[in-house]
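Residue-level listing of the chains:
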Amino acid sequence: QIAAQELGISVDKVFVTETCSDKVPNTSPTAASMGSDLNGKAVLIACQQLTEKLKPMREKLPNANWEQLINAAYFDRVDLSSAGHYKLPMESSPTYDWNMKTDDNSKR
């Protein structure tokens with residue numbers, strides 16, 4: 001949904017695959033329901049990069065649909081890859097006290 005909204009396309013045009021270290025070698029674990037926050041923000045960043053790359057093509061072809069836009073960008077040799085990476089701000093990141101063997105965000 002994040003990608004579709006940022007790119008201005010329908011959700012059925014977005015393909016999602018599993019996390020794999022050959023694609024993104026240093027992803028964070030998705031424990032404690034952090035996956036949507038971390039990966040969602042990374043998707044947003046990557047889509048913003050792609051949107052910026054496609055801006056000149058959108059200006060050249062203002063009435064093009066997504067397929068036409070991507071096809072034209074491809075043949076114009078526009079780099080259609082992007083990678084987003086997001087790190088939670090320290091005040092939001094979970095901490096682990098190795099001595100107590102517990103999470104303890106109160107030490108911040």
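Scoring rules and cut-offs
- Sequence order sets the numbering: in each chain, residues are counted from 1 along the sequence as written.
- For this predicted model, a pLDDT threshold of at least 70 governs which residues receive local features, and a threshold of 80 or more governs which side-chain atom pairs are given and counted, while totals over whole chains, interfaces and linings are taken from all residues.
- Side-chain metrics rest on all non-hydrogen atoms present in the structure, leaving aside hydrogens and water.
- Note on conventions: DSSP H or I runs of at least 4 residues are helices, E runs of at least 2 residues are strands, and numbering of each starts at the N terminus.
- By the convention used here, residues are in contact when the closest approach between their heavy atoms is within 4.5 Å.
- What sets the accessible areas is the Shrake-Rupley method with a 1.4 Å probe; for residues, cover comes only from the shown protein chains.
- Only buried residues count toward a nonpolar core, which is a set of Ala, Val, Leu, Ile, Met, Phe, Trp, Tyr and Cys residues joined through side-chain atoms within 4.5 Å.
- Think of it in three bands: residues with accessible area under 20% of the maximum for their type are buried, residues over 50% are exposed, and the middle band is partly exposed, with areas taken using a 1.4 Å probe on protein chains only.
- Here a polar contact means two N or O atoms within 3.5 Å. Within protein one must be a hydrogen donor candidate and the other an acceptor candidate, and residues neighboring in sequence count only if both atoms are side-chain atoms.
- pLDDT runs from 0 to 100 and stands for how confident the predictor is about each residue.
- Centres within 6.5 Å make a pair out of two Phe, Tyr or Trp rings, where for Trp the six-membered ring is used; the pair is then stacked when the planes are under 30 degrees apart, edge-to-face when over 60, and tilted otherwise.
- Only when the NZ atom of a Lys or the CZ atom of an Arg is both within 6 Å of the ring centre and within 35 degrees of the ring normal do we say a charge sits over the ring.
- For this analysis, a salt bridge means a side-chain nitrogen from Lys or Arg found within 4 Å of a carboxyl oxygen belonging to Asp or Glu.
- By arc we mean the arc of the directions from the helix axis to the C-beta atoms, nothing more.

Structural notes on the overall build of the chain
For step 1, the next point in the chain: In terms of regular secondary structure, the chain is built from 3 helices and 0 strands.
For step 2, the next point in the chain: From first element to last, N terminus to C terminus, the chain shows the α and β order α-α-α.
For step 3, the next point in the chain: For the chain, the proportion of contacts with a sequence separation of at least 24, taken over those separated by at least 6, is 51%.
For step 4, the next point in the chain: Roughly 8300 Å² of accessible area belongs to the chain as shown, and the carbon and sulfur atoms make up 54% of that amount.

Digging into the nonpolar core
For step 1, the next point in the chain: Within the largest apolar cluster, 11 residues are counted, these being Ala3, Ala4, Leu7, Ile9, Cys47, Leu50, Leu54, Met57, Trp66, Leu69 and Ala73.
For step 2, the next point in the chain: In terms of residue count, helix H2 (residues 35-60) provides more of this core than any other element does, 4 residues in total.
For step 3, the next point in the chain: Beyond its immediate stretch of four places on either side in the chain, Ala3 contacts Val14, Val43 and Cys47.

As for the environment of Ser10
For step 1, the next point in the chain: Inspection of the secondary structure assignment puts Ser10 in the loop between helix H1 (2-7) and H2.
For step 2, the next point in the chain: The class for Ser10 is partly exposed, based on a relative accessible area of 31%.
For step 3, the next point in the chain: Here the side chain of Ser10 touches Asp12 through a polar contact of 2.2 Å, side chain to side chain.

Notes on the confidence of the model for the chain
For step 1, the next point in the chain: Averaged over all residues, the pLDDT of the chain is 80; the fraction at 70 or higher stands at 66%.
For step 2, the next point in the chain: When pLDDT is averaged over each helix and strand of the chain, the minimum, 88, is found for H2 and the maximum, 96, for helix H3 (residues 66-75).

Some remarks on the packing of aromatic side chains
Here the distance between the centres and the angle between the planes together describe a pair of aromatic rings.
For step 1, the next point in the chain: Summed over the entire model, instances satisfying the criterion amount to 1 aromatic pair.
For step 2, the next point in the chain: In this arrangement the basic side chain of Arg77 is found over the ring face of Tyr74, its NZ or CZ atom lying 5.8 Å from the centre.

Some remarks on the pattern of salt bridges
For step 1, the next point in the chain: Taken as a whole and assessed by the stated rule, the structure comprises 4 salt bridges.
For step 2, the next point in the chain: A salt bridge links Glu52 to Lys55; the shortest N-O distance between them is 3.4 Å. Residue Glu52 and its partner Lys55 are located together in helix H2, separated by 3 residues, close to a single helical turn.
For step 3, the next point in the chain: The exposure class of Glu52 is partly exposed, given its relative accessible area of 48%.
For step 4, the next point in the chain: In this structure, Lys60 engages Asp76 in a salt bridge whose closest nitrogen and oxygen atoms are separated by 3.9 Å.

Here's the deal with H3
For step 1, the next point in the chain: Those residues of H3 that fall on the buried side of the exposure criterion are Trp66, Leu69 and Ala73. Across the axial projection of H3, the buried residues extend over an arc of 65 degrees, all falling on one side.
For step 2, the next point in the chain: Between a side-chain oxygen at the N-terminus of H3 and the backbone nitrogen of Glu67 the separation is 3.1 Å; the capping residue is Asn65.
For step 3, the next point in the chain: Positive backbone phi, approximately 65 degrees, marks Arg77, located one or two places after H3.

Examining the environment of Glu6
For step 1, the next point in the chain: Position of Glu6 relative to the elements: it lies in helix H1.
For step 2, the next point in the chain: It is 9.3 Å that separates the C-alpha atoms of Glu6 and Val43, two residues lying 37 residues apart in sequence.
For step 3, the next point in the chain: Once residues within four sequence positions are removed from consideration, Glu6 is found in contact with Leu44, Cys47, Gln48 and Thr51.

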